[in-house]
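# An overview of the molecular structure
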Amino acid sequence: MDISRRQMMLAGGVFAATSMLAGGMRGQGSGSIPAAALRTSVPPKVAAAPAVQSIVPPELMASAKAALDRQDPSILRDRMAVVDFAAASSKPRLYLVDLLSGDERALLVTHGSGSDPDHSGWTKRLSNDHGSNASSEGAFAALNYYSGKHGRSQRLAGLDASNSNALDRAIVIHGAWYAEPDVVGATGKLGRSQGCFAVGDTKIDTLFDHLGTNRLLYAAKLTA
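Read on for a plain summary of the structure. (Residues numbered from 1 in each chain as written. Predicted model: local features only at pLDDT ≥ 70, side-chain atom pairs only at ≥ 80, totals over all residues. Heavy atoms only, no water.)

## Comments concerning the environment of Arg77
Threshold: Under the scheme used here, helices are H or I runs from DSSP no shorter than 4 residues and strands are E runs no shorter than 2 residues, and both carry numbers assigned from the N terminus. Here's how the labels work: a residue is buried when its accessible area is under 20% of the maximum for its type, exposed when over 50%, partly exposed in between, all with a 1.4 Å probe on protein chains only. The contact rule is simple, with two residues in contact once any of their heavy atoms fall within 4.5 Å. Pairing of N or O atoms within 3.5 Å defines a polar contact, subject to two protein rules: one partner must be a possible hydrogen donor and the other a possible acceptor, and residues neighboring in sequence count only if both atoms are side-chain atoms.
As for its position among the elements, Arg77 is in the loop between α3 (58-70) and β1 (79-84). The partly exposed category is assigned to Arg77, whose relative accessible area is 35%. Discounting residues that sit within four places of it in the chain, Arg77 has contacts with Leu68, Asp69, Gln71, Asp72 and Leu99. Within polar-contact distance, the side chain of Arg77 engages the backbone oxygen of Leu68 at 2.9 Å. A polar side-chain atom of Arg77 sits 2.7 Å from the main-chain carbonyl oxygen of Gln71.

Below you can see the structure in the form of structure tokens.
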């Protein structure tokens, strides 16, 4: 069979390319693969995102979650409010906790005059008694809203023996001028309520929007 000139040229090109490749391999050592070909790309290490530090005291948050776990299913589990009566009233001590996203923020909140008769700014005693004008501790269920002498307010039902009279005592959430930050700036502490959880008028809607109804407000004074 005749071989055309074109076929001979193509065959020659393939032979030349094969010879060059073989020569290059011999330069690396007979039958070896270049070291560069063996290198694999190692992705750079990515630093783990730092853990978000909760602003709620750990013991208080653990106690609040335990209280939530004790409630029946009618109490929603997505958000809650936690009050630290061990902190001074000059400090933001009402924590708005989103249990799903982990978001937290804090607001100023009052305690009752019966809990701080000397108006020191610290919660000295807690009471469930009628006429005590004191704050109570324990788990509270956030109930309905109503309009009262402090404007829009929200009723609370006490769920523990330590706050079982909350509804009858009219212990509620409401706004108040004496719970505003400028009161702390002027006096070093907030004013006092009659046992209610009073938040500044400019912040009360923030609390209402977070808590809604059928959620838990938990208040306690934990000591070391």
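Alright, that's what it looks like, and here's the rest.
## Details of the sheet that holds strand β2 (residues 94-98)
Under the convention used in this document: Strand pairing follows a simple DSSP-based rule, namely that at least 2 bridges must link the two strands. Axis geometry follows a simple rule: fit a line to the C-alpha atoms, using only the stretch in contact for helices, then measure angles between N-to-C directions, giving values from 0 to 180 degrees.
Read across the open sheet, the 8 strands follow the order β3-β2-β1-β8-β4-β5-β6-β7; overall the sheet is mixed. Edge strands, defined here as strands with exactly one partner in the open sheet, are β3 (104-107) and β7 (197-200). Across this sheet, the average inter-strand angle for adjacent strands is 30°, counted without regard to direction. Judged from the 4 bridges that link them, strand β4 (residues 138-148) and strand β8 (residues 216-220) form a sheet pairing that is antiparallel. Its bridge partner lying in β8, Phe140 is registered against Leu217.

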